[in-house]
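Below, each chain spelled out in residue letters.
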Amino acid sequence: MQALTDWLYWVDDLLWGTPMIVILVGLGILLSIRFGFRYQRKIIFNFKNTYAKIGREGEGSGTISGFKAACTALANTVGTGNISGVATAIVSGGPGALVWMWFSAFFGMSTKACEIILGQRYREHYSKSMDEYVCDRSFVLKNAFGMKKGAVALAVFCFLLGPWTCCVQTEAVTSSISEAFGVPTIITVAVIGVTCLVTIWGGLKRISQVMSTAVPVMAVLYIIMGLGVLILNIQAVPGVIVLIFKSAFSPTAAFGGFAGATVREAIKYGVARGIYSNDAGTGYGMIAHASAITDHPVRQSLWGWGEIFIDTIIICSITAFTIIITGSYYSSEATSGALTTIAFTNAYGPVGGKFTAIAIAVFAWTTIIGMYYTCEKSVNYAFGDTERNRRLMPVYMLYYMVPCVLLYNIEADILWAFTDILSAAYVAITVVFIIAKHKEIFRLFDDFWKRYEPARERGENPPYVTFDCAKEKGFIEK
C-alpha cells in the first residue's frame, strides 16, 4: 500500500507540475483575450440571460431548462471540492493557495464557456431509448473528429474509472459526520448509498429537479454561515487578506501543526483544487449543458460564468477564510472535510460543526449524483440510442455506487491524488478538443455577438441556432 501511495503521489506531482498549470491557465488567458473578456466583464448581460430567467424553460431545442442544466452542472462542482478540497489546498499549499484558485477561476470562465459550446454543438438527440439530448467527450471525439473507435475506448475509460473519484465525496462525508455527530461510518455510507441510488434511478429529469432545489438552498445557507464568521471576526479580516496575498508570492513558514509551503506548492494546490472545484477545463461542462433548451450555444455558455463565480469566488473563498481566520489549519492536524468542520466549530461552537457536517453531506450527496449523470453519458455513447442502452442503465447504476459504499475508509490524501490524476487526464483531452476546434468555437461566438443577439435586440426573430449530430450534421431550425 505504501508503494502504491508513493507512486500515486509521484504521478500526481508530475501531472500537476508546471507544464500542466502553464498550459491550462495559459489557455484560459488566451481564450479570455480572444473573447474580449466578455464572460468576465459583461456581468449584467450574463445575469439577465441566466439567473434572471430561472423560472423560464427557454427557447429552442433541448431536454431541460438552462437553469436545471446549470444546477446539474453545479451539483458536480459545488461539493466537497469547496469544503474538503479547499481545506486540503490550505494545508498543503498554505493560505496563498486561495489566490491561485481565484486566478485560475477568473480565466477558467472562458475555458468553461468553450466546453459548453462544444457540448451544444456536437450533441445528439437520443429519441429512441431515452428522449434526451446528450453529449460528452466521446460524442465530441466522434462528431467533431470522426474517431469512432477512439470514442468508444474513451467512453469505456470514463464510465469505468469515473465512479472511483466519488470515494473523495464519501470520505469527506464520513469524516465530517463522525467528527460532528459521532455517527458510525457504516450508517452514513448506507444512507448515502440508498438515497443516491433512488435519485439517479429517476433519470435526468428527477436528477435535475432535485438538484435545482437542493444545490441553491444549501449553497445559500453555507454562504450565510461563512459570512457570519467574517462578521464576527471583522477585525481580523484585513490581516488575513494580507496573509493570503503574501503567501501566494512568498514561502509560508511552518507554524504550529502547519508544515509550511513553497510558492510552487501554493500554485499547484491552488490551481489543482480550484479546477477540481469548478471543473473548468475538465470537460464536465459540455456534458451537463448539452441537454439544455437554448436558442444558441453561446447563450447557454453564459451559465459557465455563474457556476465558477458561485463555486470558487464565493463558496471556496468562504471556506478558506473560515479556516484561516480561526487558525484551524495550523492548530489542528486534521485535513479534508474534518478540518473545515473544526474551523466552523471554532467559530460557532458545536452548532457550527454540526452545520458544516450537514453541508458537506449535502454537497457530497449532490456531487455523487451529478457525477453519475456525467458517467452515464459515456455509457449512452458506448451502447448507442438502442434498447440495450436503456436496459443496461440499472446495472450501471449499481456499479457506480460500489466505490461510494465500499472504499470510504481510504486515506484522504490517496483519494485526492487519484482524483487529481484522473482530472489531469480529462483536462488533457478537453484542452486538445478546445484547441483543435477553436475555429468552430470562435465562429459560434462571433455569430452570437455580431449577428444573432443584435438581431434579437432589434426586435427581429432570427432562426434558432441549435444542433443535433444524430441527424449527421448541425441544423438550424425555427
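Residues numbered from 1 in each chain as written. Predicted model: local features only at pLDDT ≥ 70, side-chain atom pairs only at ≥ 80, totals over all residues. Heavy atoms only, no water.

Caption draft 1: The arrangement of the confidence of the model for the protein chain in detail. Model confidence for the protein chain is summarised by a mean pLDDT of 85, while 92% of its residues fall at 70 or above. Between the elements of the protein chain, mean pLDDT differs from a low of 43, seen in strand β4 (residues 475–477), to a high of 96, seen in helix α23 (residues 438–457). Across residues 474–478, confidence stays below pLDDT 50; counting only partners more than four residues off in sequence or on other chains, it has 16 contacts. (pLDDT = per-residue confidence, 0-100. Helix = DSSP H or I, 4+ residues; strand = E, 2+ residues; numbered from the N terminus. Contact = heavy atoms within 4.5 Å.)

Caption draft 2: Region of interest: helix α14 (residues 263–278). End to end, α14 covers 22 Å across 16 residues, agreeing with the expected 22 Å (1.5 Å per residue, within 8%). Counting buried positions along α14 yields 12 of 16 residues, so the element is predominantly enclosed. If you check which residues of α14 are buried, you get Ala-266, Lys-268, Tyr-269, Gly-270, Val-271, Ala-272, Arg-273, Gly-274, Ile-275, Tyr-276, Ser-277 and Asn-278. Just downstream of α14 lies Asp-279, where phi reads positive at about 65°. (Expected span 1.5 Å × (residues − 1). Buried < 20%, exposed > 50% of the residue type's maximum accessible area, 1.4 Å probe, protein only.)

Caption draft 3: Geometry of the packing of aromatic side chains. On inspection of all chains with the given rule, the structure shows 32 aromatic pairs. Taking 5.8 Å as the distance between ring centres and 85° as the angle between the ring planes, the aromatic pair formed by Phe-159 and Tyr-396 counts as edge-to-face. Here Phe-159 is found in helix α9 (residues 148–161), whereas its partner Tyr-396 is found in helix α21 (residues 387–406), with 237 residues between them in sequence. Residue class for Phe-159 comes out buried when judged on its relative accessible area of 11%. Within the aromatic cluster, the residues linked to one another by ring pairs are Phe-35, Tyr-39, Phe-45, Phe-442, Phe-445, Phe-448, Trp-449 and Tyr-452. Of note, Arg-38 hangs over the ring of Trp-449, and the distance from its end group to the ring centre comes to 4.7 Å. (Phe/Tyr/Trp six-rings, centres within 6.5 Å; stacked < 30°, edge-to-face > 60°. Lys NZ or Arg CZ within 6 Å of the ring centre and 35° of its normal.)

Caption draft 4: Representation of the nonpolar core in the model. In this structure, Tyr-39, Tyr-222 and Tyr-400 are the most contacted members of the largest nonpolar core, which totals 138 residues. Considering every element that reaches this core, the biggest residue donor is helix α20 (residues 350–383), with 15 residues. When near neighbours in sequence (up to four residues on either side) are disregarded, Tyr-400 contacts Pro-163, Cys-166, Ile-368, Met-371, Tyr-372 and Cys-375. Counting 5 residues, the second largest nonpolar core, distinct from the first, contains Leu-8, Ile-414, Ala-417 and Ile-421. (Core = buried A, V, L, I, M, F, W, Y, C linked by side-chain atoms within 4.5 Å.)

Caption draft 5: Structural view of the pattern of salt bridges. A complete count under the given rule lists 14 salt bridges for this structure. Measuring nitrogen to oxygen at the nearest pair gives 2.8 Å for the salt bridge that ties Glu-440 to Arg-443. Of this pair, Glu-440 and Arg-443 are both found in helix α23, 3 residues apart, which corresponds to roughly one turn of the helix. Looking at Glu-440, the relative accessible area reads 17%, which means it is buried. The exposure class of Arg-443 is partly exposed, given its relative accessible area of 43%. When salt bridges with common partners are traced through the structure, they connect Glu-59, Asp-295, Arg-299, Glu-453 and Arg-456 into a single cluster. (Salt bridge = Lys/Arg side-chain N within 4 Å of Asp/Glu carboxyl O.)

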